[in-house]
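Structural features, examined
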Number of protein chains: 4
Amino acid sequence: MGQEERVFAAQKPIASERYGQVRQESERLCRPLAIEDYVIQTTTEASPAKWHLAHTSWFFETFLLTPYLPDYRAFHPQFSRLFNSYYDSVGVQWPRTRRGELSRPTVAEVYQYRAHVDRAMGELLAHWPESAEAAQRFEIGLQHEQQHQELILTDLKCNLGLNPLAPAYDKLPEPPEGEPAPLEWIAYDGGPVTIGMSGEGFAFDNERPAHTTWLQDFRLASRPVTNGEYRAFVEDGGYERPEWWLADGWSTLQRENWRAPLYWRYQDGQWFEFTLGGLHPLADNLPVCHVSYYEADAYARWAGRRLPTEQEWEAAAGSVAIVGNFRESGYLHPQPAPPGELPIQLFGDVWEWTASAYTAYPGYRREGGALGEYNGKFMCNQLVARGGSCVTPQEHIRVSYRNFFYPADRWQFLGIRLAEWA
Amino acid sequence: MGQEERVFAAQKPIASERYGQVRQESERLCRPLAIEDYVIQTTTEASPAKWHLAHTSWFFETFLLTPYLPDYRAFHPQFSRLFNSYYDSVGVQWPRTRRGELSRPTVAEVYQYRAHVDRAMGELLAHWPESAEAAQRFEIGLQHEQQHQELILTDLKCNLGLNPLAPAYDKLPEPPEGEPAPLEWIAYDGGPVTIGMSGEGFAFDNERPAHTTWLQDFRLASRPVTNGEYRAFVEDGGYERPEWWLADGWSTLQRENWRAPLYWRYQDGQWFEFTLGGLHPLADNLPVCHVSYYEADAYARWAGRRLPTEQEWEAAAGSVAIVGNFRESGYLHPQPAPPGELPIQLFGDVWEWTASAYTAYPGYRREGGALGEYNGKFMCNQLVARGGSCVTPQEHIRVSYRNFFYPADRWQFLGIRLAEWA
Amino acid sequence: MGQEERVFAAQKPIASERYGQVRQESERLCRPLAIEDYVIQTTTEASPAKWHLAHTSWFFETFLLTPYLPDYRAFHPQFSRLFNSYYDSVGVQWPRTRRGELSRPTVAEVYQYRAHVDRAMGELLAHWPESAEAAQRFEIGLQHEQQHQELILTDLKCNLGLNPLAPAYDKLPEPPEGEPAPLEWIAYDGGPVTIGMSGEGFAFDNERPAHTTWLQDFRLASRPVTNGEYRAFVEDGGYERPEWWLADGWSTLQRENWRAPLYWRYQDGQWFEFTLGGLHPLADNLPVCHVSYYEADAYARWAGRRLPTEQEWEAAAGSVAIVGNFRESGYLHPQPAPPGELPIQLFGDVWEWTASAYTAYPGYRREGGALGEYNGKFMCNQLVARGGSCVTPQEHIRVSYRNFFYPADRWQFLGIRLAEWA
Amino acid sequence: MGQEERVFAAQKPIASERYGQVRQESERLCRPLAIEDYVIQTTTEASPAKWHLAHTSWFFETFLLTPYLPDYRAFHPQFSRLFNSYYDSVGVQWPRTRRGELSRPTVAEVYQYRAHVDRAMGELLAHWPESAEAAQRFEIGLQHEQQHQELILTDLKCNLGLNPLAPAYDKLPEPPEGEPAPLEWIAYDGGPVTIGMSGEGFAFDNERPAHTTWLQDFRLASRPVTNGEYRAFVEDGGYERPEWWLADGWSTLQRENWRAPLYWRYQDGQWFEFTLGGLHPLADNLPVCHVSYYEADAYARWAGRRLPTEQEWEAAAGSVAIVGNFRESGYLHPQPAPPGELPIQLFGDVWEWTASAYTAYPGYRREGGALGEYNGKFMCNQLVARGGSCVTPQEHIRVSYRNFFYPADRWQFLGIRLAEWA
């Protein structure tokens with residue numbers, strides 16, 4: 001933890017400014033919303049925007065203001081119960097499935113809560129305690145808020161997209177037309193490689209420690225699978241024949257009646273796709289998005305390929321610049337593969353499913369206390385996705401960044417990059 | 001149906017005025033709400049206020065404007081799907097369990113929808129068609145809106161009451177203190193009696209035809225059971241001993257973990273009750289409210305009594321004036337039994353559970369068409385409640401009025417009046 | 001209870017003989033079974049034959065031997081837990097849904113249990129206590145065993161009938177061919193009638209007290225609805241159009257994917273029906289059987305008729321001799337309407353659904369103690385069926401006999417007799 | 001596949017003998033059973049013994065007799081539907097959850113089915129086709145039957161163990177008393193290692209190809225965790241405090257109300273354990289058994305250790321002789337750690353949970369056809385367990401053998417060996 005302290009010391013002059021930027025960004029993302037859009041929750045995963053705004057404030061209140069700011073008074077005694085997400089050691093929680101059942105606090109009250117926390121954080125930053133733990137928590141608080149910014153957009157897409165009226169979140173720029181670059185295969189040599197975060201900068205505990213692993217020779221697709229390619233799978237009976245599917249995937253498909261990716265709609269003989277900009281005819285040239293691991297895996301098997309491991313992905317991405325279609329581009333939707341050095345689109349556009357179970361790196365130790373619940377307790381039943389998406393803040397991503405999802409999850413901007421054995 | 005036509009002809013001069021009053025009343029009831037309060041649904045029964053405002057408008061649009069107003073253009077092509085409640089013959093519906101998952105249309109758009117329908121209804125009323133069916137539908141449309149006014153309050157109580165913050169719907173008058181009148185038993189002679197609506201005024205089809213039935217001698221309690229009396233049952237282990245309960249009631253109690261009426265909360269060694277005015281210490285002198293049939297029946301067995309049949313209730317109520325604590329009193333909560341002629345409080349305060357299954361009267365025929373789905377198709381698995389409550393519009397109630405609920409329902413203002421064999 | 005005592009005193013000389021006959025009959029019914037057939041339970045309703053044999057013995061053990069036979073030792077200390085059915089006041093029970101999960105006690109051990117109980121009952125009958133309660137319990141024990149004899153056959157039909165191999169319970173006689181008598185309508189005058197058991201003989205408490213009720217004029221169908229008539233409903237889209245159905249029936253149909261009565265199977269372009277004799281082509285001339293209340297009610301509405309009330313049924317049946325196709329005929333399946341005085345087949349063949357909710361007669365009081373749980377606690381959510389079926393022991397039925405089922409139940413031999421308003 | 005052909009050619013003289021031995025062993029295991037014990041299924045995992053006997057025969061019938069024995073006639077046309085386990089490409093299946101609902105075919109008929117298949121296999125072995133595929137299928141058929149022998153015992157334990165009577169499968173030898181050897185830590189150096197099956201002998205496709213992987217330095221416990229050690233965790237509130245648990249484990253514990261390993265029962269102030277020999281006081285010196293991954297992982301975290309990866313396990317086990325307490329010992333229960341070279345008990349006694357997700361080895365390709373469903377389609381959501389147990393046939397196990405289970409599975413003989421970072 002000396003590391004975080006050093007990091008914080010270095011950045012202290014700009015801490016207030018950075019805090020303000022991150023916090024304001026969350027509110028900026030909500031500007032297109034009607035009050036009603038803040039309230040609803042259409043599935044367990046898709047929390048209300050109002051909840052995200054409050055929960056991120058609760059995080060600063062609980063882990064920084066209450067322990068470190070003398071005489072801090074919590075905004076409301078019940079908010080801890082309402083806006084705790086999953087920290088079992090911080091007391092009773094309002095059930096995650098029922099976040100959309102609370103009309104109060106109102107949106108206006110939640111903004112007051114944010115202002116209350118921001119004022120107090122201003123005080124705390126002005127009289128910052130000499131504490132490595134506080135420095136670490138400050139950094140995690142900002143990273144945490146960025147994660148929830150991504151979720152605000154992801155969850156809004158879900159909460160608007162299940163409405164038969166298909167309301168747009170905002171007016172979005174049109175994606176370019178034209179064919180995507182043809183799929184090519186980039187070869188990589190096997191052998192020992194170092195994986196994980198070794199540097200000094202911020203990283204979550206699940207990215208550490210850096211360690212050696214061993215890769216076989218492999219080839220990686222030059223770009224993600226497109227809607228057009230995936231449509232061929234759908235039209236070849238992909239969702240009707242069990243032979244391509246994992247056993248658990250096939251039973252999920254049958255139970256959930258899956259027929260296509262989450263936001264595809266078949267109307268009047270044509271495929272449409274719901275985006276944050278509303279309902280549009282399906283564009284074949286865009287990366288396919290909002291597929292579960294089961295669908296990604298079945299597609300890969302149908303295509304005679306496989307999904308990469310997270311080690312292969314990280315080895316390939318290690319020498320690639322972190323540029324791409326992130327939230328800052330304003331598209332808020334994956335874009336066609338641009339020309340450029342291959343492989344392309346490893347960063348941004350869509351989170352790429354890997355075949356790797358989300359598990360601890362060798363030498364990993366779960367931290368104690370409530371923040372020890374941040375990552376480690378989810379290391380079961382989930383798979384790693386890499387590279388960020390078109391709704392990820394660019395500064396939030398790293399080559400070692402590990403996101404993780406259940407194999408049936410589809411509400412995130414999850415896509416497919418193929419791999420094959422050499 | 002000649003009847004409705006006659007009724008309508010008689011009242012035509014005042015039809016527009018009455019339409020306006022009823023429609024405005026729905027909106028007046030929503031005035032204390034924050035936008036967020038219009039949106040949520042905490043259980044299947046408790047539809048969002050926004051939905052009620054739209055659904056009642058959809059009713060006029062579907063059953064009057066579309067068939068009878070030339071060139072009427074529906075406000076939105078998808079609203080029929082979103083705001084149909086249960087009319088299977090009018091097409092696909094948005095699932096009842098998911099009404100709280102729609103942020104759009106917004107509250108403002110729903111009010112625009114209401115204004116659109118009201119303008120068109122003004123036109124239609126100005127050029128009224130000679131049609132018994134239209135006259136009947138107009139009357140049913142107003143009655144239907146009054147039913148939903150009651151539901152707006154009932155459902156808001158539920159949607160606010162499950163929130164740990166226990167927000168009040170509005171500031172309500174304090175109920176008087178003091179002991180309720182002691183419970184007395186009023187004796188009635190048996191023999192043939194006529195039950196059901198025989199007159200010319202409006203009544204739902206389920207109240208007709210009037211017919212003879214035969215009663216045994218019985219006695220009826222002079223007033224409903226109070227919180228204090230019911231608390232004695234709770235404190236005597238009423239929710240822990242199966243011997244008082246119906247088999248289905250006991251298994252429901254165990255599955256739902258019932259320990260007291262719906263809005264009772266035990267905090268810091270004391271009972272509280274949530275009302276539309278917020279959380280208050282439980283007042284022993286008020287009628288007990290928000291109990292299921294199972295609880296009403298178990299209480300009656302514990303007390304060595306039984307629930308009356310709907311025929312007994314109607315026979316007893318036939319000679320009683322329809323006055324009482326209705327919505328117009330503004331209490332929006334049951335009040336202590338006032339002095340007066342016994343039995344008292346048959347009308348208003350709480351709907352009184354009867355032991356009678358909701359079923360067709362002899363000679364009843366279900367009507368054809370979508371409005372034939374209004375009542376008849378629910379004649380199974382439900383029980384009749386009588387007399388209206390503190391959130392029922394006074395003009396809406398009749399001695400023959402039959403409301404009906406599943407035996408596990410508790411979200412309505414449902415209470416208990418005891419009976420016994422002579 | 002003086003009544004039961006008198007009854008018992010009168011029959012004491014033949015009590016042992018009668019006990020033996022009833023008990024042996026249960027075992028005779030199981031003679032065609034393989035050991036495996038005794039064990040399984042395919043739905044909650046269809047208890048294993050082994051369980052019925054043990055449970056009926058547990059009844060005598062619990063309610064007669066333990067309290068009345070000095071020094072009686074229970075056969076096994078755990079059997080009370082395993083073979084209690086629903087007497088909540090007699091302690092913890094093995095869950096009803098899991099009776100098919102117990103391989104032990106074995107079938108042989110269950111027969112030893114029966115022999116143990118029968119020996120002890122022989123002793124008790126030889127030294128009979130002067131006790132009205134014991135006399136009543138003895139009679140109820142025999143009636144109870146007869147009820148379970150019917151269930152043994154009903155449940156075996158279910159447990160064998162869901163097997164794709166469609167194994168026959170036994171070789172059964174062929175039903176006669178030929179057209180059934182045409183449907184006629186018998187008119188009955190309304191007015192006051194007496195319903196319920198008034199005589200001295202045995203009756204369950206739910207048949208008492210006899211009391212006056214009032215009927216409107218009505219007409220009753222001369223015989224039950226046939227397979228051929230019901231097939232016309234099926235082929236007219238009866239299971240695809242909501243307009244004929246109760247709301248709860250329609251949702252049940254959709255959830256359970258009902259397409260026809262329970263034991264109809266459509267194979268290679270033809271309807272078959274599973275009977276206790278195996279799978280046979282559907283015979284149009286037999287009464288339709290194994291329909292739920294929802295189906296019976298929907299059929300009646302489609303046919304422009306209705307179901308009778310239990311009062312109408314009893315009024316009509318009061319003057320009819322109790323003869324018909326009962327278990328003793330050996331058909332174990334409904335037979336075509338024979339020639340004879342109309343109405344016909346009121347007794348035997350199929351239990352006839354009535355439109356009457358199963359509820360207490362005026363003046364009914366639930367008895368105390370465990371046997372008080374026998375009937376009264378089920379008086380909610382169920383409907384009355386009348387007349388017995390082809391698997392009911394003839395001596396078990398009475399004109400006042402009330403059986404009761406949930407509206408979705410289909411595993412019993414339940415059929416349809418229509419009625420209409422005069 | 002040339003490999004299997006060579007293997008088969010080499011062993012052909014003894015193929016019939018080996019076939020007979022394996023097939024008879026399945027039947028020998030069922031000799032202690034009552035007919036009733038063959039029939040029941042208490043949870044989805046625990047198939048009836050009857051089903052195992054039939055399913056293993058169906059395997060030979062479907063994959064060898066039908067394609068390779070001219071004029072072979074299937075024993076029964078419906079058995080393919082009833083006894084297919086999960087081969088989606090071989091047609092409609094009887095649901096796995098409902099295998100205990102079939103009384104027919106009877107046990108006797110299933111033994112006839114086995115005899116029918118064995119006679120035909122005798123013919124086929126006498127005129128063996130020159131076919132690599134047939135040779136492979138023959139071997140897989142035997143391996144498959146051995147897997148189901150283990151399941152026969154595992155599932156019987158479950159099907160008997162949930163019965164309140166706790167019936168023993170058979171009389172078993174008493175385990176020795178005395179303290180187990182103290183826990184020691186064996187150190188292993190990291191670096192590149194080869195994992196997976198490289199030799200010529202039989203192995204499942206999921207054990208291949210052999211490949212290089214990279215290990216960090218680690219230490220492995222000298223023996224599995226004992227009942228006594230695990231009891232300390234239970235008594236320290238292990239099942240009451242979320243901090244030791246994975247998130248999904250904690251919610252499973254709450255939903256399933258776990259309080260101890262599957263077969264522990266707390267009666268009269270003392271812990272008992274159900275074994276195939278009946279109910280016995282819990283022996284602290286035996287390895288803990290029938291714990292889920294969630295419990296194994298929580299125990300390890302409580303103990304300040306972790307679970308090994310399957311690569312660590314295989315690296316450690318590579319130099320250890322495959323001896324131990326297997327089915328052949330007749331104990332059918334884990335035994336105390338014997339003296340000997342450390343680590344001990346890697347093979348036999350209990351399957352050891354690893355922290356490794358069950359996934360494809362680098363270079364793995366799922367085979368086509370129905371046998372391609374054997375392993376590959378389960379490579380999601382499960383974790384690898386290693387080393388076999390006290391009910392595994394000794395000849396069935398290999399150092400490269402990978403078994404796999406869902407993290408909530410407890411019905412197998414699953415135990416815990418700890419590891420730690422060096």
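Our subject is the structure that appears above.
Quick caveat: nothing in here was measured; it's all calculated off a predicted structure. (Residues numbered from 1 in each chain as written. Chains lettered and ligands numbered in written order. Predicted model: local features only at pLDDT ≥ 70, side-chain atom pairs only at ≥ 80, totals over all residues. Heavy atoms only, no water.)

Once that is clear, we can look at the pairing of strand E8 (residues 351-357) of chain B. All names here are of chain B. A large share of E8 lies buried, amounting to five of its seven residues. Sheet analysis places E8 next to strand E11 (residues 414-415), joined by two bridges and oriented parallel. Pairing of Glu352 across the sheet is with Gly415, part of E11. Where E8 meets strand E9 (residues 383-386), three bridges bridge the pair, whose relative direction is antiparallel. Considered in E9, the bridge of Trp353 is made with Ala385. (Buried < 20%, exposed > 50% of the residue type's maximum accessible area, 1.4 Å probe, protein only. Helix = DSSP H or I, 4+ residues; strand = E, 2+ residues; numbered from the N terminus. Pairing = 2+ DSSP bridges.)

A rotation about an axis combined with a shift along that same axis relates the two copies of the chain. Expressed as a screw operation, the relation of chain C to chain D combines 0.1 Å of axial shift with a rotation of 180 degrees, fitting to an RMSD of 0.0 Å. Such a turn and shift between the copies fits a two-fold axis. Nearest to the rotation axis, the C-alpha of Glu36 of chain C is located 3.1 Å from it, this being the minimum over chain C. Residue by residue, 100% of the interface of chain C is reproduced at the interface of chain D, so both copies engage with the same surface. (Least-squares fit on C-alpha atoms with pLDDT ≥ 70 in both. Contact = heavy atoms within 4.5 Å.)

Attention now moves to the nonpolar core. Among the nonpolar cores identified, the biggest contains 223 residues, and Tyr230 and Ile416 of chain C together with Tyr230 and Ile416 of chain D are the most heavily contacted of them. If we ignore the near neighbours within four places in the chain, the residues touching Tyr230 of chain C are Val225, Tyr239, Pro261, Trp264, Val288, Val291, Glu295, Tyr299 and Ile416 of chain C. (Core = buried A, V, L, I, M, F, W, Y, C linked by side-chain atoms within 4.5 Å.)

Here the focus is the packing of helix H6 (residues 227-235) of chain A against helix H8 (residues 293-302) of chain A. All names here are of chain A. Two elements in contact, H6 and H8, have axes whose closest approach is 11 Å; the angle formed by their N-to-C orientations is 80 degrees. As summarised for this structure, H6 and H8 are arranged roughly perpendicular, according to the angle between their axes. Facing H6, whose interface residues are Glu229, Tyr230, Ala232 and Phe233, H8 presents Glu295, Ala298, Tyr299 and Trp302. Here the residues of the contact of H6 with H8 sort into six nonpolar, no polar and two charged. (Axes fitted to C-alpha atoms, helices over the stretch in contact; angles between N-to-C directions. Parallel < 35°, antiparallel > 145°, perpendicular 65-115°, else oblique. Nonpolar A, V, L, I, M, F, W, Y, C, P; charged D, E, K, R; others polar.)

All right, on to the pattern of salt bridges then. All names here are of chain A. In the structure shown here, the tally under the stated rule is 106 salt bridges over all chains. With its nearest N and O atoms 2.7 Å apart, the salt bridge here joins Arg114 to Glu27. Within this pair, whereas Arg114 is found in helix H4 (residues 107-126), its partner Glu27 is found in helix H1 (residues 2-29), the two being separated by 87 residues in sequence. Each of Arg23, Glu27, Arg114, Asp118 and Glu145 takes part in salt bridges that share partners, so that together they form one network. (Salt bridge = Lys/Arg side-chain N within 4 Å of Asp/Glu carboxyl O.)

On to the sheet that holds strand E4 (residues 218-221) of chain D. Residues and elements named next belong to chain D. On the basis of which strands lie adjacent, the open sheet formed by three strands has the order E1-E4-E12 and antiparallel pairing. Of all the strands in the sheet, the pair left with one neighbour each is strand E1 (185-188) and strand E12 (419-421). Here the average twist between neighbouring strands, direction ignored, is 25 degrees.

What follows deals with the interface of chain C and chain D. Chain C puts 32 residues into the contact, and the matching count from chain D is 32 residues. When the two sides are added together, the surface that chain C and chain D hide from each other amounts to roughly 2500 Å², 61% of it contributed by carbon and sulfur. Linking chain C with chain D are two salt bridges. Note that Asp37 of chain D is salt-bridged to Arg104 of chain C, the shortest N-O span being 2.5 Å. The interface formed by chain C and chain D includes nine residue pairs in polar contact (both at pLDDT 80 or more). Listed by contribution, the elements that provide at least two residues to the side of chain C that touches chain D are helix H3 (79-83), helix H4 (107-126) and helix H5 (132-161) of chain C. Considering every element that reaches the side of chain C that touches chain D, the biggest residue donor is H3 of chain C, with three residues. (Buried area = accessible area lost by both parts, 1.4 Å probe. Polar contact = N/O pair within 3.5 Å; in protein donor to acceptor, adjacent residues only side chain to side chain.)

This paragraph deals with the environment of Arg81 of chain D. Residue placement: Arg81 of chain D occurs in helix H3 (residues 79-83). For Arg81 of chain D, a relative accessible area of 33% gives the class partly exposed. A sequence separation of 273 residues divides Arg81 of chain D from Thr354 of chain D, and the C-alpha atoms of the two residues are 35 Å apart. Those residues within four positions of Arg81 of chain D in sequence are excluded, and the remaining contacts are Pro164 of chain C together with Val92, Gln93 and Trp94 of chain D.

Let us now look at the interface of chain D and chain A. Each partner contributes to the interface: chain D provides 36 residues, whereas chain A provides 36 residues. For the chain D and chain A pair, buried surface summed over both sides reaches about 2600 Å², with 54% attributable to carbon and sulfur atoms. For the chain D face of the interface with chain A, the top three residues by lost area are Trp214, Arg366 and Trp421 of chain D, together amounting to 21%. Counting across the chain D and chain A interface gives eleven residue pairs in polar contact (both at pLDDT 80 or more). It is strand E3 (residues 211-215) of chain D that contributes the most residues to the side of chain D that touches chain A, four residues altogether. Among the residues making up the side of chain D that touches chain A, the classes are represented as 21 nonpolar, eight polar and seven charged.

The next point concerns the sheet that holds strand E5 (residues 264-267) of chain A. All names here are of chain A. The strand order E5-E6-E7 describes an open sheet built from three strands, whose pairing is antiparallel. Both edges of this open sheet fall to E5 and strand E7 (278-281), since each of them pairs with a single strand only. Going from strand to strand, the sheet's axes swing by 35 degrees on average, the running direction of each strand aside.

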